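In case you want the letters, here they are:
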Amino acid sequence: MQFTAHVTRADQAANPYYYLPFDVPEGTTRIDVVLAYSKAEDCVVDLGAFDPRDTGYPTREGFRGWSGGARDRFFIATDDATPGYVHGEIQPGTWNVILGLYKVPEAGADVTVTITLDAAPRRLEPQPARTFPVRQGAGWYKGDLHCHTFHSDARGAPEVLHAAAKQAGLDFLAIADHNTITQRRYFHPQSSPDLVFVRGMEVTTAIGHANVFGVDEWIDFRMTRPSDAHVLEKLVHERGGLLSINHDKPVIPWDYDMPAADCQEVWQSTWLDWNWVSLERYQQRLAAGMKLSAIGGSDYHQPADLRPEGPLVLARPTTVLHLPELSEDAVLAGMKAGHGYITESPDGPHLEIRCGTSVMGSTATSPDEVGIIVRGARGDRLVLIDANGPIAEMDIPDDDWTASLKLAAPKTFLRAEIIAVASRDRLVAELAAEVEGQVPADYFKGARIADQPIRRALSNPIYIEA
């Protein structure tokens, strides 16, 4: 069967998700779908599917897959499916191909969808069982909380990303493919005490992205109104998960209402990719009284092959959490509590602050002193910040530095940053070599870069209670 539709900007304005219903008879064991349109800079149509259980936004059931603009075809069968799509029982009834009207030209676009149904005998394969590995022992554990495989818009297989995480020396990893959870079919059986996998999904729309952590179920991403951010918050929290606002900066800031999120991705990819905008918005939210844990993620889209370590690969930046043990539950609890910091890489500076017995993420009552531990940042600068901005700055004299500083009543919270000074030229040179030929020759001499402090590490706040 074949459907042709002419989609317009009026359609996009009415609903960015366009549905093409089709009937699936009893006994169908495989569905193949092919999308055809004239793709261009101003014409991008996403692709997905829902089965008859879909009740409309927000639904709990019925999701069968999403590939965004990364694919123009998919199949769903009882025993297998295209990455990003859910294999298993094929319910008879009315299904929908869903088209995401991401970019529509002024003249509109003709879209053709061809659907083929097959009833050949096939096995019914179950979904994979979760595993719950634990590594005993309290300590600092390193991870990346934002990366992608070919289950959404990367080229690399889960196995290649797994190898990249091991190469980077990570302890935990959250794979947050766009609007789908099918990567778990490959990752859950591989979760181990050596590398614990954290369930993730990136809710992806044209005007904002957010990561969902620690939820078994798929979360409906079909947000169409600013207030739907509060619907998203409810969907995540009633399932016991964490919600994090992603890369609130150019080119895809968070343009929905601000929900009661648990975390904010304050640092995504290289620091010089506009992350000071995310940090400023985070600072404003903390100053307004929000308690919001800071996390980081590379947003690395794994290539088909394993790449060597460098400034633009997995775990740049790295989120470091102090945990009582290494397990998914402990990672999620550490993220929510804010017991940690973000650093530039797995080997980046260590940054820890404490007010008496109050650690990062906890609350101190009228502290008059802060303890500081920094490793691996000799010659750089430590800055302490409260709701009004910087309150103290110190040069870091050694690679293993401990200090104690008297405070004059910090307001609302206290957090710390390590600013590159001695290391700045090296960091810029490493990044410039990585992107040579991809940016103008004078890119790193422009005002946006030349005048921008480069953060090497960011602590979570200690909240202040008067």
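Reference entry: report on the structure contained in this document.

Cut-off values and rules
- Residues numbered from 1 in each chain as written.
- Predicted model: local features only at pLDDT ≥ 70, side-chain atom pairs only at ≥ 80, totals over all residues.
- Heavy atoms only, no water.
- Phe/Tyr/Trp six-rings, centres within 6.5 Å; stacked < 30°, edge-to-face > 60°.
- Helix = DSSP H or I, 4+ residues; strand = E, 2+ residues; numbered from the N terminus.
- Buried < 20%, exposed > 50% of the residue type's maximum accessible area, 1.4 Å probe, protein only.
- Lys NZ or Arg CZ within 6 Å of the ring centre and 35° of its normal.
- 1 Å grid on protein atoms, 1.4 Å probe; cavity = no way out; pocket = protein on both sides within 12 Å on 5 of 7 lines; lining within 4 Å.
- Points joined across faces, edges and corners; volume = space filled by probe spheres on them.
- Core = buried A, V, L, I, M, F, W, Y, C linked by side-chain atoms within 4.5 Å.
- Contact = heavy atoms within 4.5 Å.

For the structure shown, the criterion picks out 15 aromatic pairs. Between F50 and W218, the aromatic rings sit 5.7 Å apart at their centres with planes inclined by 70°, giving edge-to-face as the arrangement. With a gap of 168 residues between them, F50 in strand β4 (residues 44–50) and W218 in the loop between β13 (208–213) and α4 (228–237) connect regions that are remote in the sequence. Taken individually, F50 and W218 each receive the classification buried, so the pair is uniform in this respect. Their ring planes at 55° and their centres at 4.8 Å tell us that W66 and F221 sit as a pair that is tilted. Of this pair, W66 sits in strand β5 (residues 63–68) while F221 is found in the loop between β13 and α4, placing the two residues 155 residues apart along the sequence. Both residues of the pair, W66 and F221, count as buried. Linked through ring pairs, Y17, F50, F63, W66, W218 and F221 together constitute an aromatic cluster. Taking NZ or CZ as reference, R222 lies 4.1 Å from the ring centre of F50, over its face. Here the guanidinium or amino end of K291 rests over the ring plane of Y463, the centre of that ring lying 5.2 Å away.

This next bit is on the environment of D255. Within the element layout of this structure, D255 appears in the loop between β14 (242–245) and β15 (263–268). Judged by its relative accessible area of 48%, D255 falls in the partly exposed class. C-alpha of D255 to C-alpha of A206: the two residues are 49 residues apart in sequence and 9.4 Å apart in space.

Another aspect to go through is the layout of surface pockets. A volume near 810 Å³ is recorded for the largest pocket. Lining the largest pocket are 39 residues, and of these D46, Y102, T204, T205 and H209 sit closest to its centre. Secondary structure elements with two or more residues in the lining of the largest pocket: β4, β5, β7 (93–103) and β12 (196–205). With 4 residues, the top contributor of residues to the lining of the largest pocket is β7.

It is worth spelling out helix α2 (residues 158–168) at this point. Among all positions of α2, only P158, V160, L161, H162, A164, A165 and A168 are buried. Phi turns positive, to about 75°, at G169, one or two residues after α2.

All right, on to the nonpolar core then. Counting residues in each nonpolar core, the largest one holds 48 residues, and the members touching the most others are I219, L232, W254, W271 and L272. Those elements that provide at least two residues to this core are β5, β12, β13, α4, β14, β15, α5 (275–287) and α7 (424–434). When residues in this core are grouped by element, the largest group, 5 residues, is from α5. Dropping the residues within four chain positions of it, W254 is found in contact with I207, G208, H209, A210, M223, A229, L232, I245, D248 and P259. Judged by nonpolar contacts, the second largest core, of 27 residues, contains I76, A81, V104 and V113.

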